[in-house]
Amino acid sequence: MATAILGMQWGDEGKGKVTHLLAKGADLVVRFNGGPNAGHTVIDRGVRFGTHLVPAGVFYPGVLSVLANGMVIDLEVLGQEMAEISLHLGGRPKLLLSETAHLILPYHRMVEDLEGMTGKFGTTRRGIAPAYRDRAAKAGVRVGDLLAPSRLRERIAERLDALARAWPGSQEVQGLSAQKLAADLLSQAGPFLEDIGDASGTIRRALDAGQNVLFEGAQGALLDLDFGTYPYVTSSSTTLAGLPNGIGVPLVDVERRIGVAKAYLTRVGDGPFPTELSEDVADYLRGKGGEFGTTTGRPRRCGWLDLVALRHAVTLNAPTHLAITKLDILSGMDEIKVCVAYRLRGSQISRFPLAAEDLAQCTPVYETLPGWSENLRGVREYDALPKEARSYLATIVENVGVPVGLVSVGAAPEETVETGFDSP
Ligand code: IMP
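It should be emphasised that the depicted structure is a prediction, and the values quoted were computed from it without experimental measurement.

Novice: Even after reading the chapter, I still don't get the overall build of the protein, so can you show me in this structure?
Specialist: What the protein contains, in helices and strands, is 14 helices and 20 strands. With the C-alpha coordinates of the protein rotated into their principal frame, the extents come out at 65 × 50 × 35 Å. Out of the 424 residues belonging to the protein, those deemed buried represent 57%. With an accessible surface of roughly 17000 Å², the protein has 50% of that area assigned to carbon and sulfur atoms. Charged side chains of the protein number 43 positive and 50 negative; the gap between the two group centres comes to 2 Å.

Novice: Please clarify how helix H1 (residues 15-22) should be interpreted in this entry.
Specialist: Quick reminder: α-helices carry 3.6 residues per turn. Residues three or four places apart thus point the same way. Of all 8 residues in H1, 7 are buried, a share of seventy percent or more. Of the positions making up H1, those classed as buried are Lys15, Gly16, Lys17, Val18, Thr19, His20 and Leu22.

Novice: For this particular structure, what's the right way to read unusual backbone geometry?
Specialist: The bulk of non-glycine residues show a negative phi, and the bulk of peptide bonds are trans. Between Tyr230 and the following residue, Pro231, the backbone shows a cis peptide bond with an omega angle of 5°. Its location among the elements puts Pro231 in the loop between strand S10 (213-216) and helix H10 (242-247). Despite not being glycine, Gln219 shows a phi value in the positive range, around 55°. At Arg345, a position not held by glycine, the phi torsion is positive, near 45°.

Novice: So what exactly am I meant to see when it comes to the domain arrangement of the protein here?
Specialist: Think of interface size as the accessible area that goes away when the parts come together; that is how it is often given. For the protein, the assigned domains are domain 1 (2-100 + 195-256), domain 2 (103-190) and domain 3 (261-418). Centre-to-centre, using C-alpha coordinates, domain 1 lies 23 Å away from domain 2. Counting each side, the surface lost to burial between domain 1 and domain 2 is near 1800 Å², with a carbon and sulfur contribution of 66%. There are 1 salt bridge connecting domain 1 and domain 2. Among the salt bridges present, the one from Asp74 reaches Arg109, with a minimum N-O distance of 3.4 Å. The tally of links from domain 1 across to domain 2 stands at 5 residue pairs in polar contact (both at pLDDT 80 or more). Of all the elements in the fold, those that place two or more residues in the side of domain 1 that touches domain 2 are strand S6 (72-73), helix H2 (75-89) and strand S7 (94-98). Per-element accounting of the side of domain 1 that touches domain 2 gives the leading share, 3 residues, to H2. Here the residues of the side of domain 1 that touches domain 2 are counted per class, giving 10 nonpolar, 11 polar and 3 charged.

Novice: Looking at this structure, how should I read the packing of aromatic side chains?
Specialist: Within a pair of aromatic rings, the relevant descriptors are the distance that separates the centres and the angle that separates the planes. One pass over the full model with this rule turns up 4 aromatic pairs. Relative to Phe273, the ring of Trp10 has its centre 5.2 Å away and its plane inclined at 55°; by these criteria the two rings are tilted. With Trp10 in the loop between strand S1 (2-7) and H1 and Phe273 in the loop between strand S12 (265-267) and helix H11 (279-289), this residue pair connects regions lying 263 residues apart in the sequence. The class for Trp10 is buried, based on a relative accessible area of 2%.

Novice: Any chance you could explain the environment of Val63 here in plain terms?
Specialist: Topologically, Val63 is positioned in the loop between strand S4 (47-51) and strand S5 (64-67). In contact with Val63, other than residues within four places in its own chain, are Ala23, Ala26, Asp27, Leu28, Val29, Gly57 and Lys94.

Novice: Mind showing me how you'd approach helix H8 (residues 178-189) here?
Specialist: Compared with an ideal rise of 1.5 Å per residue, which puts 12 residues at 16 Å, H8 spans 16 Å between its outermost C-alpha atoms and is within 8% of the ideal. Along H8, the residues classified as buried are Ala178, Leu181, Ala182, Leu185 and Ala189. Down the axis, H8 shows its buried residues gathered within 95° of arc, on one side only. Exposed positions of H8 whose direction lies more than 90 degrees from the buried face are Gln179, Lys180 and Ser187.

Novice: Got a minute to help me understand the sheet that holds strand S11 (residues 256-262) in this structure?
Specialist: Within a sheet, adjacent strands bond to each other through the backbone by hydrogen bonds, running parallel or antiparallel. Read from one edge of the open sheet, 10 strands run S9-S7-S5-S2-S10-S1-S11-S15-S19-S20, paired in mixed fashion. In this open sheet, the two edge strands, each paired with only one partner strand, are strand S9 (196-197) and strand S20 (416-418). Both S1 and S10 contribute to a ladder of 4 bridges, which runs parallel. Across the sheet, residue Ala4 finds its bridge partner in S10, namely Phe215. Sitting on the sheet, H1 is in contact with S1, strand S2 (28-31), S10, S11, strand S15 (321-325), strand S19 (404-408) and S20, with an inclination near 165° to S1. Relative to the sheet, helix H14 (residues 387-400) contacts S15 and S19, its axis offset from that of S15 by approximately 145°.

Novice: Can you help me understand the packing of helix H6 (residues 149-166) against H8 in this one?
Specialist: Helices that pack against each other are described as a pair by the angle of their axes relative to one another and the distance between those axes. H8 packs onto H6 with a crossing angle of 135° between their chain directions and a minimal axis gap of 9 Å. Judged by the inter-axis angle, H6 sits oblique to H8. Of the two possible hands of crossing, H6 and H8 adopt the one that is right-handed. Here Pro149, Leu152, Arg153, Ile156, Ala157 and Leu160 of H6 come into contact with H8, specifically with Ala178, Gln179, Leu181, Ala182, Leu185 and Leu186. Class assignment for the residues of the contact of H6 with H8 results in 10 nonpolar, 1 polar and 1 charged.

Novice: In this structure, what is going on with the pattern of salt bridges? I would like to understand it.
Specialist: It is possible for side chains of opposite charge to pair when their charged atoms get near one another. With the rule as written, the count across this model stands at 19 salt bridges. With a closest N to O distance of 2.6 Å, Lys15 and Glu13 form a salt bridge. With respect to burial, Lys15 and Glu13 carry one shared label: buried. Residues Glu276 and Arg301 are paired through a salt bridge, measuring 2.9 Å at the closest nitrogen-oxygen approach. With Glu276 in the loop between S12 and H11 and Arg301 in strand S13 (residues 301-303), this residue pair connects regions lying 25 residues apart in the sequence. Here the salt bridges share partners, and the residues they tie into one network are Asp12, Lys262, Glu291, Arg300 and Lys326.

About the thresholds
- Residues numbered from 1 in each chain as written.
- Predicted model: local features only at pLDDT ≥ 70, side-chain atom pairs only at ≥ 80, totals over all residues.
- Heavy atoms only, no water.
- Helix = DSSP H or I, 4+ residues; strand = E, 2+ residues; numbered from the N terminus.
- Buried < 20%, exposed > 50% of the residue type's maximum accessible area, 1.4 Å probe, protein only.
- Areas by Shrake-Rupley, 256 points an atom, 1.4 Å probe, with all protein chains shown as cover.
- Lys, Arg positive; Asp, Glu negative; His and termini not counted.
- Charge placed at Lys NZ, Arg CZ, Asp CG, Glu CD.
- Domains from an automatic or database assignment.
- Buried area = accessible area lost by both parts, 1.4 Å probe.
- Salt bridge = Lys/Arg side-chain N within 4 Å of Asp/Glu carboxyl O.
- Polar contact = N/O pair within 3.5 Å; in protein donor to acceptor, adjacent residues only side chain to side chain.
- Nonpolar A, V, L, I, M, F, W, Y, C, P; charged D, E, K, R; others polar.
- Phe/Tyr/Trp six-rings, centres within 6.5 Å; stacked < 30°, edge-to-face > 60°.
- Contact = heavy atoms within 4.5 Å.
- Expected span 1.5 Å × (residues − 1).
- Arc of directions from axis to C-beta.
- Pairing = 2+ DSSP bridges.
- Axes fitted to C-alpha atoms, helices over the stretch in contact; angles between N-to-C directions.
- Parallel < 35°, antiparallel > 145°, perpendicular 65-115°, else oblique.
- Left-handed = near helix turned anticlockwise from the far one by under 90°.

Written out as structure tokens, the structure reads:
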């Protein structure tokens, strides 16, 4: 059984909790895109973690955690994360690092700063875009290079020469030494050298053997490099289409595809956001929902659920089910709005414009639904949800045509209403 967990919005949908829940009984849990820009929140046995690189299934002893070729990996972050998790688990989890994944080096963060990417696009300052750019320009350093130190030094030296020519005025760049960078990398990589291998082969064999494989997407459909709100996007393919490429296994038959969407909408970083709320309601959602970046701590922009954007994510991810998260945060509102269409240059449209400039000119057409006052955190059965909450969920299903398999009503694993992922 193969299951994909995919973000349907601008990230931060709650993929970590959903992965952690479904990873029980999994053989492999695989991250296939992005890097430490992700921050997947998991509460494991009462302890809260924000996982950045390691898949959120890592907390189960039998699971092999795979960082596949589509990722960009920062060894310093990986070392810290693995140390914390190993301490919590009382032992080291099983890990496999794809030899063809790319490494984030210190100069990637420098270039992100030198080019002002964070100011321009609201990037996470984790070196993501420069690392993916080096990959595309055939100037990257790969995990497998760690096994061949002289090749590693050579590749870094070539890159440093080019950077020194590009940034003659930067003392930081001019001060970099290939010998030192390689030595630092090799020392960070020390604990992981035996975990490096052919991840795509391992994934293929697991799928052929009918093992339970979970693919954990990072970011969300609206941050996809091609089909998101370009250029206010991340630098990887965040959708189902990115999955085969990110694991190196063609035509994977992913039977269960779970699209994770928050009951309202958030965005961190710049870019158009038609249903964004200002002041009171946004402050309420941000405060109650703890809407601050797991990776950067930045306050997230908050808005009403956008069903036009969600339909776009459905076309990109073909989910068999939705997981709706943070429904509990909407308790206590007199009324709740959902965006069902946009108005753009005098016309009403129901499709999501691919040009960010067009999306920025869209104004939402809302349907207003009654709210509910009950606290949902103790609810475990769908029928025990207030009727207004059920009708809110029904509106989502009617508009996007995908059934809901799980509703999250709190951060803890047990604060979940499972309606089932088995039947479509
Ligand atoms: P980058 O991925 O650091 O290059 O950032 C590009 C955009 O994606 C920025 O708007 C970030 O805030 C956003 N972004 C990247 N990763 C995440 C995530 O895991 N959650 C939410 N937003 C993200």
